[in-house]
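Coordinates in review
These are the residues of each chain, in order.
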Amino acid sequence: MINISDRLAALSISATLAMNQRSREMISKGIDVINLSIGEPDFDTPEHIKEAAIKAIHDNFTHYPPVSGFMDLREAITLKLSRDNGLRYSPNEVIVSTGAKQSLANVMLSVLNPGDEALMPAPYWVSYPEMVKLAEAIPVIVPTGIDQNYKINAEQLEAYITPKTKLFIFNSPSNPSGQVYSRDELKALAEVFERHPNIIVLSDEIYEHITYQNKHESIGQFDSIRKQVVIINGMSKAYAMTGWRLGYMAGPEWLVKSCQKLQGQYTSGACAISQKAALAALLGDQSAIKCMVKVFKERRDLVISYLREIPGFEGEIPQGAFYVLPDVSAYFGKKVGDKIIHNSDELSMHLLTEAHVATVSGKPFGAPGCLRLSYASSTKVLSEAMIRIKHEMEKVR
Ligand SMILES: Cc1ncc(COP(=O)(O)O)c(C=O)c1O
């Protein structure tokens, strides 16, 4: 009998995509499901970006692009890194990929050997441990608590480093917790990495523009660890370009070359038309981002005000991204009708089937006591969803 490989058999299906799929199926059957499971802005891509893509088609950017991306785009990325983050990179230290997801996978496959350890604070983004497993390495989870705003500190980090630690992966602003690291918090972590120069620090900054209080800080700003830091970013969240599949990484040239080798064999360069659209996005008017963040902040405040009214939904106010991650473990072991809710998987499923609201269980994010709700929907839709959740939770005894 022919079976799929052990490597693939060990891989989990993306929990967020699975929940999204399930709610789409219910919607297609005519059920009025509100989907709070998706991680994508509900805004459309700004017009000037779409125009640039249309022009690219007319200008026949329809051939294979260079594997590492067009030079003008790589230059624009270095400009963006300097403008927005104060980071200095040359185009040789940048590679364009088919989404930040591919950039992350490229790096993991480039640096991890079987048996190497990749550290990540929990809650983490669902795909990190799976990508590590695909590279036949070991995800090592550093637990954090609600009391520390789900952020790792220097002592915890140091305690989990072993001679096998090859990689540290994190994101700020965080999906799923919405928390944001300050400069001082990052500096403390950087000092630990300075003592461990063989560890690659993979900093996923895809939500950098979506912050509500303090500006995003990059761990790439500390010169003492510059050779170790790899920045991941992309167009999906800041420019509402999830469908264009365009991301990039900036880091040491040897790593860029390795990712180039991998892309050369796996996928070739990212879509030429999307690259031209990304160029327009990075160099053009940035005001759409500010408007989007203002709307996200109103939505966050609305969702938080509803959550405060639901007993047993605990958590701090998220400072970035567009997710809330309430701890709902107070409900575990309680009954609704004759059904007992044992965990967040069951609670999430119950809310989908009974309240017709799609959320994601915190379990695949390493937060088994929590539910993740995305507030990338209109205030009207969010209000309706939160009322449905509140009513459903009132039935739990
Ligand atoms: C933390 C994080 N990193 C990376 C990605 C993937 O981004 P892209 O659409 O560029 O592949 C996502 C998407 O949800 C994300 O939440």
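Residues numbered from 1 in each chain as written. Predicted model: local features only at pLDDT ≥ 70, side-chain atom pairs only at ≥ 80, totals over all residues. Heavy atoms only, no water.

**A word on the nonpolar core**
Counting 114 residues, the largest nonpolar core has M108 and I219 as its most contacted members. Counting residues per element, this core draws most heavily on helix α11 (residues 287-308), at eight residues. In contact with M108, other than residues within four places in its own chain, are Y128, M131, V132, A135, L167, I169 and L202. Of all hydrophobic cores here, the second largest spans five residues; its members include M26, V33, L352 and A358. (Core = buried A, V, L, I, M, F, W, Y, C linked by side-chain atoms within 4.5 Å. Buried < 20%, exposed > 50% of the residue type's maximum accessible area, 1.4 Å probe, protein only. Helix = DSSP H or I, 4+ residues; strand = E, 2+ residues; numbered from the N terminus. Contact = heavy atoms within 4.5 Å.)

**Digging into the packing of helix α3 (residues 47-58) against helix α10 (residues 272-283)**
As a packed pair, α3 and α10 sit with axes 8 Å apart at the nearest point and diverge in direction by 140°. By the angle between their directions, the pair α3 and α10 is classed as oblique. Crossing hand, α3 versus α10: right-handed. Seen from α3, the contacting residues are H48, I49, A52, A53, A56 and I57; seen from α10, they are I273, K276, A277, A280 and A281. (Axes fitted to C-alpha atoms, helices over the stretch in contact; angles between N-to-C directions. Parallel < 35°, antiparallel > 145°, perpendicular 65-115°, else oblique. Left-handed = near helix turned anticlockwise from the far one by under 90°.)

**Remarks on the sheet that holds strand β5 (residues 165-171)**
Spatial ordering of the open sheet is given by β2-β8-β7-β6-β5-β3-β4, a layout of seven strands whose pairing is mixed. Strands at the two margins of the open sheet, each flanked by one partner only, are β2 (94-97) and β4 (138-143). For this sheet the average axis-to-axis angle between neighbouring strands, irrespective of direction, equals 20°. Two elements, strand β3 (residues 117-122) and β4, share six bridges in a ladder whose sense is parallel. Looking across to β4, one finds that A122 is bridged to P143. (Pairing = 2+ DSSP bridges.)

**Quick notes on helix α12 (residues 344-355)**
In an α-helix there are 3.6 residues to a turn, and that puts residues three or four apart on one side. Of the positions making up α12, those classed as buried are S344, L347, S348, H350, L351, L352 and A355. You can read the cap of α12 off the contacts: a side-chain oxygen lies 3.2 Å from the backbone nitrogen of D345, and it is on N343. Looking one or two places after α12, you find H356, whose phi comes out positive at around 60°. (Polar contact = N/O pair within 3.5 Å; in protein donor to acceptor, adjacent residues only side chain to side chain.)

**Thoughts on the domain arrangement of the protein chain**
Domain annotation for the protein chain reports domain 1 (6-32 + 288-394) and domain 2 (61-283). A straight line from the C-alpha centre of domain 1 to that of domain 2 covers 26 Å. Taken together, the 35 residues of domain 1 in the interface contact 30 residues of domain 2. Ranking the residues of domain 1 by area buried against domain 2 places I289, Q319 and F365 at the top, with a combined share of 23%. Taken together, the connections running from domain 1 to domain 2 amount to one salt bridge. Between E136 and R7 there is a salt bridge whose closest N-O contact spans 3.1 Å. Linking domain 1 to domain 2 there are 13 residue pairs in polar contact (both at pLDDT 80 or more). (Domains from an automatic or database assignment. Buried area = accessible area lost by both parts, 1.4 Å probe. Salt bridge = Lys/Arg side-chain N within 4 Å of Asp/Glu carboxyl O.)

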